[in-house]
Amino acid sequence: MTIEAIQNEIIDEFSMFDNWEDRYQYMIDLGKSLPLIEEQYKTEDNIIKGCQSKVWVHAEMDDDKVKFTADSDAIITKGIIAILIRVFSNQHPKDILEADTAFIDEIGLKEHLSPTRANGLVSMIKQLKMYAIAYQTQLN
């Protein structure tokens, strides 16, 4: 699936819920299905700076596609990174770099997060794109 198709799927899923309490619960459930990072990668180097909670992300290339795994010590944050990984994992680095993240505003996520969590969301996106830059450089 393309990044845009996955984003549209997420927008559709979130539109099924009438209130933010249900959407938060859905995010928590998504966090439970997160491709978990192996313990050996839960290091300081893999912690996303700028997040209030601890969020670890690991990336590796597999057939010209970036695969992400992650974990967090907070359930909401785990749900947020699960959404981002669902969108960006198993995609070509160039596609990740060119991807628009407007779907986050469309599902209303940023406006329903505390300022520190919203900053953490921006930091997560930045970090995933930094991995994509590194892998794209290797491919060139």
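In this text the structure is predicted, and so the values were computed from the model without any measurement.

**A word on helix 3 (residues 75-88)**
Side chains of residues three or four places apart in an α-helix project in the same direction, reflecting 3.6 residues per turn. Taking 1.5 Å as the rise per residue, helix 3 with 14 residues should run 20 Å; its terminal C-alpha atoms sit 20 Å apart, in good agreement. The buried count for helix 3 comes to 11 of 14 residues, which makes it a mostly enclosed element. Those residues of helix 3 that sit buried are I76, T77, G79, I80, I81, A82, I83, L84, I85, V87 and F88. The first or second residue beyond helix 3 is N90, which carries a positive phi of 65°.

**Some details on unusual backbone geometry**
The backbone of D63 shows a phi angle near 55°, a positive value even though the residue is not glycine. Residue D63 is classed as exposed on the basis of its relative accessible area of 69%. Located in the positive-phi region is N90, a residue other than glycine, with phi close to 65°. Take N90: it is sitting in the loop between helix 3 and helix 4 (93-98).

**Quick notes on the UniProt feature "domain: Fe-S metabolism associated" (unreviewed entry) in the protein chain**
With numbering aligned to this structure, UniProt lists the feature "domain: Fe-S metabolism associated" (unreviewed entry) at residues 12-130. Within residues 12-130, the helical portion is 48% and the strand portion 13%, while the C-alpha atoms at the span's ends are 28 Å from each other.

**So, the nonpolar core**
Within the largest apolar cluster, 43 residues are counted, with the highest numbers of intra-cluster contacts made by V57, F68, I81, L84 and F88. Counting residues per element, the ones that place at least two in this core are helix 1 (3-15), helix 2 (20-32), strand 1 (55-62), strand 2 (65-72), helix 3, helix 5 (103-106) and helix 6 (115-139). With 9 residues, the top contributor of residues to this core is helix 3. V57 has contacts with I37, N46, I48, F68, T69, A70, I81, L128 and Y131, leaving out every residue within four places of it along the chain.

**Observations concerning the side chain of S53**
Looking at where S53 falls in the secondary structure, it is placed in the loop between helix 2 and strand 1. Residue classification places S53 among the buried positions, given a relative accessible area of 13%. At a separation of 3.3 Å, a polar atom in the side chain of S53 contacts the side chain of T77. With residues near it in sequence (within four places) discarded, S53 still touches S72, D73, A74, T77 and R117.

Reading the values: rules and limits
- Residues numbered from 1 in each chain as written.
- Predicted model: local features only at pLDDT ≥ 70, side-chain atom pairs only at ≥ 80, totals over all residues.
- Heavy atoms only, no water.
- Helix = DSSP H or I, 4+ residues; strand = E, 2+ residues; numbered from the N terminus.
- Expected span 1.5 Å × (residues − 1).
- Buried < 20%, exposed > 50% of the residue type's maximum accessible area, 1.4 Å probe, protein only.
- UniProt positions renumbered as here; feature names shortened; annotations may be inferred.
- Core = buried A, V, L, I, M, F, W, Y, C linked by side-chain atoms within 4.5 Å.
- Contact = heavy atoms within 4.5 Å.
- Polar contact = N/O pair within 3.5 Å; in protein donor to acceptor, adjacent residues only side chain to side chain.

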